[in-house]
Amino acid sequence: MNKIIVVKRDGTEMPYDSNKIFHAVMKAIKEVDGDISRGYLAVNIAKSVDSYMEEHTVECITVEEIQDLVENLLIYPGDYPEIARAYIRYRYKRELARNNYKELMDTVGEKLSAANVQNQNANVDEYSFGGRMGEMNSAVARKYALEYLVSPMARKNHEENMIYIHDLDNYAVGSHNCLTIPFDDLLAKGFNTRQTDVRPAQSVSTAFQLVAVIFQLQSLQQFGGVSASHIDWTMVPYVRKSFAKHYRDGLRFVETLLDSEIPNEMPCSASYSEVSIHDEVVWRYNEAWKYALEMTEREVYQAVEAMYHNLNTLQSRSGNQLPFTSVNYGTCTLPEGRMVTKALLDVSIKGIGALHKTSVFPCGIFQCMKGVNREPSDPNYDLYKLALRSTAQRLYPNYANVDWSGNAGYDRNDPRTYFSTMGCRTANGWDINGLGQLKDGRGNICPVTIIMPTLAMQAKEEWLAEGQGEKVEDIFMGILNEKIHEAKDMLIERFNWICSQSPASAKFMYENGVMAGYVPEEGIRSALKHGTIVIGQLGLAETLQILISCDHTEERGMELAKRIEQLFKDRCAEFKKEYSLNFGVYYTPAENLCHTAMKKFRAKYGVIPNVSENDYFTNSIHVPVWKEMSVFDKIDIESQLTGYSSAGCITYVELDSTVKNNIDALEIIVNYAMDKDIPYFAINVPNDTCLHCGYTDEFNDCCPECGSEDIQQLRRVTGYLTGNYKTAFNKGKQQETEMRVKHG
Ligand SMILES: [Zn+2]
């Protein structure tokens, strides 16, 4: 036989070898019945291909053509149908594997070269080296989780746009979502890292430095945000330590002053009465006191400023991300705590860097509390006013409602139990496993989100198919109930997977008690069981439109909305008891999902008026952003639904930048929200900063001061802020931002 060249799929060439055909057919025979005595068949087929080559004087042939020949030789005599099928199956599987591999490698290439940047996470710089590595890792890890780890039920729900598995890229490695850090303990006791041990803080500046370090360290043990639940209280002992040090310095300073300036007029001379000695001693202590106070205030301010800088510069996570950090404050009425809150707000108002830009991290959260800061006669009312001033200019702080009815059972004497949130909105509710309303050391373990509009479409299809007998909303409630149960199963599946990880995966967290409740003999489940596992939701407004052609801004819509939310609440309460795990209702941020879920939805159902005309689904139970209404109407509507959520929600309103000059109006709005029992409230004010001169206001593309067009347009994505929304948001969120109407 002449030398025949075989061309492989990748274009490379090799000499023809009929042994390879023999082995391929043998594999098919073995798979069917293992009867290798039928090896003659494989020999015959290889020989037949040889003769074909000779008869047709083939010089060059592709692998596919050879496989076609073998397939025909197996099929057409009709004697060996199962072997033919096995061969075809084998060939198909190989091809699938090759395609799969190619698809994966195409994605790897795309991510590594930042060829198609999607801005899935507003905090990731997808063009950076770190961002490209991170995105590539994430693409591989997602695929692995979906194809090798999750159950077929979970995968189906995820792929069919019904129940979304969040942070799939962190699924396989088994890390959890977010955590409120027990800073009181860590600062008082010190902690260990892989390389060294860190001693307890001895001053407020060290304490704030350690806060930034601990935020960094913990954010590498998990994939979501980190928070401090009551930083003003936490800092009290360290402000005291700093004050004591400055006071001692002050006394020494006064002594030297006395020694050098009035050496000859010191006491002991007969002309001084005892009162004047007393006066002089008081004077000395007063001077030292004043000195210490001034120095302590200065130190607190500088410590806070340094923390802000650290949290906006130390990119530690894959993807050149800053850790998602949040600090809650505002309820400590001790002078030390008040000093901390004031500094946090002063730094926020001042802005960071040379241009005094609005700081993106940490997310500040002011804790409103009756009797503490709500009324002019309250001890921290002045700080509330200052917070409002900061919000008007810098969007932060947001407002957490300590008096929220959903946080019942908290201890007024223990700020660790006050209502606080992670910036995006996640909240720790009542722990069924013994920690009650304690927030510190607890967080969200994992979320899923039910994409309700897909279920509504399914309900509508069934309704039409069944001759419109049963009401469409009843059919929907049935489907939703089923999906809530599946969501629960998906969460348990992931929770168990996370619990199966070794404590060595997160040494800092487990060895230092950063996550509360860890008992080594019992495994990490002993700690993870205090966290929440939550069922989120997307697109209530669109769901109602599909089902009854109106949303919850109308009474009919609100009625059905409450029925839907009650179902979520009841089921989660039942699951919580049944499984002794903290199931909760979650009004998902859906930063990326609002857009990707809509893309999938539209590909399947097309454009439906009031449902899929935009590039995004409406966030959780929110009123659609384009609805014209007053601030108070929006709060009235959303406050009827926020009570159903135990694991986190946010309500925000859009104001224009003139609010800067009307802090009293802002106060009325925030008070109104708090009195309506809204747990977590935020205000969106346009924040455009000229990157040339630093001017900040609402002006979009061109600076009115200097004419520069280099503008950072800062907007809120979820609960956090991000950089320029035009480059850091995905398409859906960009459109949503542009469609937001101001609430008058
Ligand atoms: Zn300018």
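For clarity, every value in this text was computed on a predicted model and none was experimentally measured.

The next point concerns the overall build of the chain. Each helix and strand counted, the chain has 24 helices and 20 strands in total. A principal-axis box enclosing the C-alpha atoms of the chain has dimensions of 135 × 65 × 60 Å. Across the 744 residues in the chain, those meeting the buried criterion constitute 55%. Counting contacts in the chain only where the partners sit at least 6 residues apart, residues at least 24 apart contribute 72% of the total.

What follows is about the coordination of the zinc ion. Coordination of the zinc ion by the protein comes from Cys690 (SG), Cys693 (SG), Cys703 (SG) and Cys706 (SG), over a distance range of 2.3 Å. Each of the 4 donor atoms around the zinc ion contributes to a set of angles spanning 104 to 117°, which defines the coordination as tetrahedral. If you list the donors of the zinc ion from N- to C-terminus, the spacing comes out as C-x2-C-x9-C-x2-C. A relative accessible area of 36% places Cys706 in the partly exposed class.

The strands making up a sheet are joined through hydrogen bonds of the backbone, oriented either antiparallel or parallel. Strand order across the open sheet formed by 3 strands is E2-E1-E3, with mixed pairing between neighbours. This sheet does not close on itself; its edge strands, each paired only once, are strand E2 (13-15) and strand E3 (60-62). Between one strand and the next, the sheet's axes are offset by a mean angle of 30°, whatever the strand orientation. When strand E1 (residues 5-7) meets E3, the two strands line up parallel, connected through 3 bridges. Its bridge partner lying in E3, Val7 is registered against Thr62.

There is a patch of nonpolar side chains on the surface, built from Ile277, Val281 and Tyr285 and spanning about 240 Å² of accessible area. For Ile277, the position within the fold is in helix H11 (residues 274-313). The class of Ile277 is partly exposed, set by a relative accessible area of 34%.

A separate point is the packing of helix H1 (residues 18-32) against helix H2 (residues 39-55). For the pair H1 and H2, interaxial distance at closest approach is 8 Å and the crossing angle is 145°. Like other packed secondary-structure pairs, H1 and H2 cross with a definite hand, here right-handed. Listed contacts from H2 to Ser18, Ile21, Phe22, Val25, Met26 and Ile29 of H1 are Gly39, Leu41, Ala42, Val43, Ile45, Ala46, Val49 and Asp50. Among the residues making up the contact of H1 with H2, the classes are represented as 11 nonpolar, 2 polar and 1 charged.

Take unusual backbone geometry next. Among all residues save glycine, negative phi is the norm, and among peptide bonds the norm is trans. Here the residue pair Phe361 and Pro362 is connected by a cis peptide bond, since its omega of -5° sits within 30 degrees of zero. Among the secondary structure elements, Pro362 is positioned in the loop between helix H12 (335-350) and strand E10 (363-368). Not every positive phi belongs to a glycine, and Ser580 is a case in point at roughly 50°. Inspection of the secondary structure puts Ser580 in the loop between helix H19 (555-579) and strand E14 (582-586). The class for Ser580 is partly exposed, based on a relative accessible area of 36%. A positive phi angle, near 50°, is found at Ala590, a position not held by glycine. Structurally, the position occupied by Ala590 is in the loop between E14 and helix H20 (593-605).

To continue, consider helix H21 (residues 631-642). Compared with the 16 Å implied by 1.5 Å per residue over 12 residues, the 16 Å span of H21 between its first and last C-alpha is a close match. Those residues of H21 that sit buried are Val631, Lys634, Ile635, Ile637, Glu638, Ser639, Leu641 and Thr642. Contacts made by the buried residues of H21 are with helix H18 (540-548), H19, strand E15 (651-654), helix H22 (663-675) and strand E16 (680-684).

If a probe as big as a water molecule is rolled over the atoms, it shows which places are left empty. Within the structure shown, the criterion is met by 6 cavities of 30 Å³ or more. Its volume calculated, the largest cavity comes out at about 120 Å³. Looking at the lining of the largest cavity, the elements with two or more residues in it are H21 and E15. Grouping the amino acids of the lining of the largest cavity by side-chain chemistry returns 6 nonpolar, 4 polar and 5 charged.

On to the packing of aromatic side chains, then. Here the structure, examined in full by the defined rule, presents 23 aromatic pairs. Note on Tyr381 and Tyr384: the rings are 6.4 Å apart at their centroids and 70° apart in plane angle, and the pair reads as edge-to-face. Here the residue Tyr381 and the residue Tyr384 both occupy positions in helix H13 (residues 381-394), the gap between them amounting to 3 residues, near one helical turn. Judged on exposure class, the residue Tyr381 and its partner Tyr384 are both buried. Between Phe601 and Phe617, the aromatic rings sit 5.3 Å apart at their centres with planes inclined by 85°, giving edge-to-face as the arrangement. With a gap of 16 residues between them, Phe601 in helix H20 and Phe617 in the loop between H20 and H21 connect regions that are remote in the sequence. There is no split in this pair, since Phe601 and Phe617 are both buried. Ring pairing ties together the aromatic residues Tyr329, Phe366, Tyr381, Tyr384 and Tyr399, which thus form one cluster.

With that out of the way, let us pick up the pattern of salt bridges. Taken as a whole, this structure holds 30 salt bridges when the rule is applied. Close ionic contact of Asp664 with Lys385 constitutes a salt bridge, the shortest N to O distance being 2.7 Å. Placement of the pair is Asp664 in helix H22 and Lys385 in helix H13, with a sequence separation of 279 residues. Exposure remark for Asp664: the relative accessible area of 48% places this residue in the partly exposed category. Residue Lys385 is classed as partly exposed on the basis of its relative accessible area, which comes to 22%. Residues joined in a network through salt bridges with shared partners are Asp68, Glu71 and Arg91.

To continue, consider the side chain of Glu135. If you trace the backbone, Glu135 turns up in helix H5 (residues 129-149). Buried and unpaired, Glu135 has Lys111 as its nearest opposite-charge partner, separated by 4.1 Å.

Inspection of the secondary structure assignment puts Asn373 in the loop between E10 and H13. On the accessibility criterion, Asn373 (0% relative accessible area) is buried. Reaching out from Asn373, the side chain makes a polar contact with the backbone oxygen of Gly330 at a distance of 3.0 Å. Looking at Asn373, its side chain comes within polar contact range of the main-chain nitrogen of Met369, at 2.8 Å.

Turning to helix H3 (residues 63-75), a few remarks are in order. An α-helical turn contains 3.6 residues, so any two residues separated by three or four positions project in the same direction. The terminal C-alpha atoms of H3 lie 18 Å apart, and with 13 residues this matches the ideal 18 Å at 1.5 Å per residue to within 8%. Taken residue by residue, H3 has Val63, Ile66, Gln67, Leu69, Val70, Glu71 and Leu74 as its buried positions. Among the structural elements, E1, H1, H2, E3 and helix H4 (81-112) are those in contact with the buried residues of H3.

Our focus in this paragraph is the nonpolar core. Membership of the largest hydrophobic core comes to 162 residues, with the highest contact counts inside it found for Met235, Tyr399, Ile450, Phe476, Leu480, Ile564 and Phe681. If you tally residues by element for this core, the top one is helix H15 (residues 472-499), at 14 residues. Not counting the four nearest positions on each side in its chain, Phe476 is found in contact with Met452, Leu455, Ala456, Ala459, Thr543, Leu547 and Ile564. Among the nonpolar cores identified, the runner-up in size contains 27 residues, and Val6, Tyr16, Leu41 and Ile66 belong to it.

The rules behind these values
- Residues numbered from 1 in each chain as written.
- Predicted model: local features only at pLDDT ≥ 70, side-chain atom pairs only at ≥ 80, totals over all residues.
- Heavy atoms only, no water.
- Helix = DSSP H or I, 4+ residues; strand = E, 2+ residues; numbered from the N terminus.
- Buried < 20%, exposed > 50% of the residue type's maximum accessible area, 1.4 Å probe, protein only.
- Contact = heavy atoms within 4.5 Å.
- Donors = N, O, S within 2.8 Å, 3.2 Å for Na, K, Ca; no water.
- Tetrahedral: all angles 85-135°; square planar, octahedral: opposite > 155°, others 65-115°.
- Pairing = 2+ DSSP bridges.
- Axes fitted to C-alpha atoms, helices over the stretch in contact; angles between N-to-C directions.
- Patch = residues over 30% accessible without salt bridge, like charges linked within 9 Å, V, L, I, M, F, W, Y side chains within 5 Å.
- Areas by Shrake-Rupley, 256 points an atom, 1.4 Å probe, with all protein chains shown as cover.
- Salt bridge = Lys/Arg side-chain N within 4 Å of Asp/Glu carboxyl O.
- Left-handed = near helix turned anticlockwise from the far one by under 90°.
- Nonpolar A, V, L, I, M, F, W, Y, C, P; charged D, E, K, R; others polar.
- Expected span 1.5 Å × (residues − 1).
- 1 Å grid on protein atoms, 1.4 Å probe; cavity = no way out; pocket = protein on both sides within 12 Å on 5 of 7 lines; lining within 4 Å.
- Points joined across faces, edges and corners; volume = space filled by probe spheres on them.
- Phe/Tyr/Trp six-rings, centres within 6.5 Å; stacked < 30°, edge-to-face > 60°.
- Lys, Arg positive; Asp, Glu negative; His and termini not counted.
- Polar contact = N/O pair within 3.5 Å; in protein donor to acceptor, adjacent residues only side chain to side chain.
- Core = buried A, V, L, I, M, F, W, Y, C linked by side-chain atoms within 4.5 Å.

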